Amino acid sequence: MTTFLELLVNGVSIGAVYALIALGFVIIFRATEVVNFAHASLLLAGGYVVARLHPSIGFWAALAAGVAAAAAVGALVEFLIIRRANTASHGVLAIVTIGVDIVLTTELTRRIGTDVLALGDPWRDRVVRLGPVSVAETRLVALAVAAALIAAFLLAFRHTGWGVAMRATAEDAEAAALMGVRRGRVSMGAWAVAGALAAVAALFLCVFPTPGLDRGTAFAAMKAFPAAILGGLDSTTGALAGGLVIGVTETLVTGYQNDLAFLGRGAGDVAPFLVMVVVLLIRPAGLFGTKEPARV
Amino acid sequence: MSDRPTEDRPTGDGRAEGGRAGALPRGLTGNGLARILTRSAAVAVAVAVPFYLEGFWLQAGLFAMSAAVGAIGLNLLTGATGQLSMGHAFFLAVGAYCYVHLSAEPEGGLGGLGLPTPLAAVLAVLAAGVAGGVFSPIAGRLKGAYLGIATLALIFLGQHVLFNATPVTGGYNGRPVPPMELFGFVFADSPALVVARVPFGALERLWFLGLAVLVCAAVFARGVLAGRPGRAMNTIRDHEIAAGVMGVPVARYRAGVFVLSSMYGGLAGVLLALAFQRTVPEYFGLLLSLDYLAMIVIGGLGSVAGAVAGAVFVSMLPQLLTRYGDALPLVAQPGSGGVSPAEAARILYGAAVVAVVLFLPGGLLGLAGRLRPRPARSTSSVRRTSPADPARPADPAGPDRRAVPAAETGRAGKPGKPEKSDRTSFKTSLNPSPDD
């Protein structure tokens, strides 16, 4: 039972981090209708900046720089490429982001090489005991930060001018533009926000108990794709639910690996994808996704 | 019923007609003669290659051929039907491993059925099709980029299975591939064979096998695209609802094309296994799938020739950079800390994907079409190869108007401008002048 509780807390925490990534993904999709396959490389970029800068300027400044860098990369991708793409087909735009992803990931993994980069976080490997359950401090911080960020964004969507502009654009881009919403600014903002969220997520994907930022981090970020599509690509609630489902599944399968030996080694890493396939079989639009009504 | 509306229109579907004209025998007009000449020249060059070039080029060519077969399949799915798939590498893996498992004799810890190799190859392709069919409840219902994310699952689950199913796949280390044996002729280095004083080893023999397979695959795909299924697929890509209204069973077509493209993937996997002579699970990962997507975008979405061109470009690039890396600036030897040839190649074609979409809709094929002056119908066919056409679905009058050269529309201010860039013509069809 203790094991189960520990796994559950860890799962919820890692799920909250996936939800952060998935939230950025959904924000981009809602604002620009682009499925952003370059999301994992945005995350890698943020993490890489933090890892390289923290020895010289300290952790918090490095984190700020990492978040800013990832946001800038996101905004640049939107400004230089997505906005100028000679197409309106969303499939082709998705492929463009794949091209961006190939370039960014190749260059970043080349720079990382075979190293495992520490991010210099202040929590290190401290463990907190809550009754019989012991949890890494980083996991609790991750949970708190992710929850705070997600709550802040959900509130911002509802109550700020930026949020209203974004929702209006998602609803009907042309009408929003006619009402004076600057579409360019909205979509650039969405990409920047998504990059920033991804950088924060990168931090928590690379701290204890994970050894640090390495080539595999991009793969870890890939698990946010099932999280996003599981909840429904156009639903922020869905991103949260999807992230939690994926996080908990992954942790439980990894934790009970010995009892699930028939699934083979490393089943925890692929469990999110299995869950996604099962959910899509039952609900093709995701758990919370809306099936777009078509007007003819 | 489904394609009658397009057929009534004289310029209904440029590419379909272009393809059909190529498939039917025609009189020896200048155009047809030139076509026959280029084709025979291409065949002659392809046949002559093993007699003149060294092993490196043959090996690279074999990879390019197998990649081309796979890319044709993916282009049917992604280019022609608009369904993004990131799972293509999985079907290559299914094809490769089924071939190995079915044809190999059991030895050590590795299982095998020891079937005749041609039978094993056919069964491997069918197995890839079955794997695609199992996924079709999802492939038929999801559209576009959604399917792209869903097919990520195939890659990760597939690799997991490959690494763990050691008796079939050999685990991390992979397993050797039995050489193909066709009517007593072995595609391997022994027994020795000398043709025209050139020693014919495995590479030379496989070259002809690969060529034959590629030609068959290309002809079949052209047939599919030029005929009724091709039109249905393009309509689904351009306007799903319109396709449904015209009687195209959308979900069934999507699932069917997915199965077909996975069979192409399986065939490419068999060829690849034969060329590599060893299969390693590591290879069939996400990167391979991304390679294939890059191929079809760079070559030109939705056409067979585009897929082949892109496959040659993407699969030759790393090998060329490796071979001539010493002479190039910015490319360093692997392990020396600089940009290794493989990485340089990835960055180059990643950038190429972006550049193609930004500046060159239609890919390499579109570029070739633009460099050559052509009659209006053919240019419109090139344009059609990319689904990058915002005007088409929404504007039923678009294709008609676009196919007519600008001079004939009688619009003042634009006389004698038959060759227009894609962008301008989109605008023409988007903003019809008040007088027409």
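As the structure is a computational prediction, the values presented were derived from the model and not from experiment. In every chain, residue numbers begin from 1 and rise along the written sequence. Think of it this way: whatever chain is written first is A, whatever ligand is written first is 1, and the rest follow in order. With pLDDT at 70 or above as the cut-off, local features in this predicted model cover only qualifying residues; side-chain atom pairs require 80 or more to be listed or tallied, and sums for whole chains, interfaces and linings still use all residues. Note that the side-chain values use all heavy atoms of the structure and ignore hydrogens as well as water.

Visitor: So what about the overall build of chain B? Which residues, and what values?
Guide: Only DSSP runs of H or I covering at least 4 residues are called helices, and only runs of E covering at least 2 are called strands; the numbering of each starts at the N terminus. Within chain B, the regular secondary structure consists of 21 helices and six strands. With 436 residues in all, chain B has 53% of them scored as buried. Between two residues, a contact is recorded if the distance between any of their heavy atoms is within 4.5 Å. Restricting to contacts in chain B with at least 6 residues of sequence separation, those with at least 24 account for 73%. Here chain B displays about 18,800 Å² of accessible surface, and carbon together with sulfur accounts for 68% of that area. Think of it in three bands: with a 1.4 Å probe and only protein chains considered, a residue is buried below 20% of the maximum accessible area for its type, exposed above 50%, and partly exposed in between. To measure how exposed things are, a 1.4 Å probe is used in the Shrake-Rupley method; for residues, cover is taken only from the protein chains shown.

Visitor: Describe the overall build of chain A, listing the residues and the values that go with them.
Guide: Counting secondary structure elements, chain A contains 12 helices and two strands. Classification of the 296 residues of chain A by burial places 55% in the buried group. Of the contacts made within chain A by residues no fewer than 6 positions apart, 76% connect residues no fewer than 24 positions apart. Of the roughly 12,300 Å² that chain A leaves accessible, carbon and sulfur atoms contribute 64%.

Visitor: Residues and numbers for the pairing of strand β1 (residues 127-130) of chain A, please.
Guide: Residues and elements named next belong to chain A. As defined by bridge partners, β1 adjoins strand β2 (residues 133-136) across four bridges and the pair is classed as antiparallel. Counted as the bridge partner of V127 is A136 from β2. Turn length for the β1-β2 hairpin, with the two strands adjacent in sequence and antiparallel, is two residues, and the turn residue G131 shows positive phi of about 65°. Here, any two strands with at least 2 DSSP bridges between them count as paired.

Visitor: For the packing of helix α10 (residues 202-226) of chain B against helix α13 (residues 250-276) of chain B, give the residues involved together with the corresponding values.
Guide: All names here are of chain B. Every axis in this analysis is a line fitted to C-alpha atoms, fitted for helices over the stretch in contact. Angles between the N-to-C directions lie between 0 and 180 degrees. Between α10 and α13, the least distance of the axes is 11 Å, while the angle of their chain directions is 170°. By the criterion of interaxial angle, the relationship of α10 to α13 is roughly antiparallel. Contacts from L206, L209, G210, V213, A217, F220, A221 and V224 of α10 reach α13 at L260, Y264, L267, L271, L274 and A275. Any angle that falls under 35 degrees is termed roughly parallel, while one over 145 is termed roughly antiparallel, one within 65 to 115 roughly perpendicular, and all others oblique.

Visitor: Talk me through helix α1 (residues 2-32) of chain A; I want residue IDs and the actual numbers.
Guide: Any helix carries an expected span of 1.5 Å times its number of residues minus one. Its 31 residues place the ends of α1(A) 45 Å apart at the C-alpha level, agreeing with the 45 Å of an ideal helix rising 1.5 Å per residue. One or two positions beyond α1(A), positive phi appears at A:E33, with a value near 55°.

Visitor: Can you tell me about the UniProt feature "transmembrane region" (unreviewed entry) in chain B, naming the residues and giving the values?
Guide: UniProt records the feature "transmembrane region" (unreviewed entry) for residues 59-77, 84-104, 119-138, 145-162, 207-225, 255-276, 283-314 and 347-368 of chain B in the present numbering. Within the segment residues 255-276 of chain B, helix and strand shares are 100% and 0% respectively, and the terminal C-alpha atoms sit 31 Å apart. UniProt positions are given in the numbering used here, feature names are shortened, and annotations may be inferred rather than shown by experiment.

Visitor: So what about the interface of chain A and chain B? Which residues, and what values?
Guide: The interface is formed by 46 residues belonging to chain A together with 44 residues belonging to chain B. Once two parts are put together, the accessible area they lose, assessed with a 1.4 Å probe and summed over both, is termed the buried area. Both sides of the chain A and chain B interface together cover about 4,000 Å² of buried area, and 79% of this is carbon and sulfur. Salt-bridge detection follows one rule: a side-chain nitrogen of Lys or Arg within 4 Å of a carboxyl oxygen of Asp or Glu. The tally of links from chain A across to chain B stands at zero salt bridges. Polar contacts, as used here, are pairs of N or O atoms within 3.5 Å; protein pairs need one atom able to donate a hydrogen and one able to accept it. Residues neighboring in sequence count only if both atoms are side-chain atoms. Summed over the shared surface of chain A and chain B, the number is one residue pair in polar contact (both at pLDDT 80 or more). Here the side of chain A that touches chain B gets 13 residues from one element, more than from any other, and that element is helix α4 (residues 90-112) of chain A. Under the convention adopted here, Pro, Cys and the residues Ala, Val, Leu, Ile, Met, Phe, Trp and Tyr are nonpolar, Asp, Glu, Lys and Arg are charged, and Gly plus all remaining residues are polar. Across the side of chain A that touches chain B, the residue classes break down as 33 nonpolar, seven polar and six charged.

Visitor: So what's going on with the environment of B:P318? Residues and values would help.
Guide: Looking at the secondary structure, you find B:P318 in helix α15 (residues 304-324). Excluding anything up to four places from it in sequence, B:P318 contacts B:P341 and B:A345.

Visitor: Lay out unusual backbone geometry in plain terms, naming residues and giving numbers.
Guide: Even without glycine at this site, A:E33 takes up a positive phi of about 55°. Among the structural elements, A:E33 can be located in the loop between α1 and α2 (39-57). Residue classification places A:E33 among the partly exposed positions, given a relative accessible area of 38%. Positive phi, close to 65°, is recorded for B:Q277, a residue that is not glycine. Tracing the sequence through the fold places B:Q277 in the loop between α13 and β6 (278-279). On the basis of relative accessible area, B:Q277 is assigned to the partly exposed category, the value being 42%.

Visitor: Run through the environment of B:F208, naming residues and quoting values.
Guide: Tracing the backbone through its elements, the reader meets B:F208 in helix α10. For the pair formed by B:F208 and B:L62, sequence separation is 146 residues and the distance between their alpha carbons is 9.4 Å.

Visitor: Lay out the UniProt feature "transmembrane region" (unreviewed entry) in chain A in plain terms, naming residues and giving numbers.
Guide: Residues and elements named next belong to chain A. UniProt tags residues 12-29, 57-81, 88-106, 140-157, 188-210 and 270-290 as "transmembrane region" (unreviewed entry). Summarising residues 12-29: 100% helix, 0% strand, and an end-to-end C-alpha distance of 25 Å. Within the segment residues 270-290, helix and strand shares are 62% and 0% respectively, and the terminal C-alpha atoms sit 26 Å apart.

Visitor: Account for the packing of aromatic side chains, with residues named and values stated.
Guide: Stacked, tilted and edge-to-face are the three classes applied to pairs of Phe, Tyr and Trp rings, where Trp contributes its six-membered ring and a pair requires centres within 6.5 Å; stacked means planes under 30 degrees apart, edge-to-face means over 60, and tilted covers the rest. Under the definition given, this model contains 19 aromatic pairs over all chains. Aromatic side chains A:F37 and A:F225 sit 5.7 Å apart centroid to centroid with 45° between the ring planes, which places their arrangement in the tilted category. Residue A:F37 is located in the loop between α1 and α2, and its partner A:F225 is located in helix α10 (residues 224-231); the two are separated by 188 residues in the primary sequence. Here A:F37 and A:F225 have matching classes, each one buried. Aromatic ring contacts, followed pair by pair, group B:F63, B:Y97, B:F276, B:Y283 and B:F284 into a single cluster.

Visitor: A description of the nonpolar core should follow, citing residues and the corresponding values.
Guide: Nonpolar core, defined: a set of buried Ala, Val, Leu, Ile, Met, Phe, Trp, Tyr and Cys residues in which side-chain atoms within 4.5 Å join the residues together. Grouped together as the largest cluster of nonpolar side chains are 195 residues, with contacts concentrated most on B:Y99 and B:I149. In terms of residue count, the dominant contributor to this core is α1(A) (15 residues). Ignoring sequence-local partners within four residues, the contact set of B:I149 consists of A:F25, A:V35, A:F37, A:F225, A:I229, A:L233 and A:M276. Within the second largest apolar cluster, five residues are counted, among which are B:A232, B:A243, B:V248 and B:V250.

Visitor: So what's going on with the pattern of salt bridges? Residues and values would help.
Guide: All names here are of chain A. For the structure on display, the rule yields nine salt bridges over all chains. Between K223 and E250 there is a salt bridge, with its nearest N and O atoms 2.9 Å apart. Linking K223 in the loop between α9 (217-222) and α10 with E250 in helix α11 (residues 236-255), this pair joins segments that are 27 residues apart in sequence. E250 matches K223 in its accessibility class, with the two residues each being buried. We note a salt bridge from K223 to D269, for which the minimum N-O separation is 3.3 Å. Here the residue K223 occupies a position in the loop between α9 and α10, and D269 occupies one in helix α12 (residues 267-282), the gap between them amounting to 46 residues. Owing to a relative accessible area of 4%, K223 belongs among the buried residues under this scheme. The partly exposed category is assigned to D269, whose relative accessible area is 34%.

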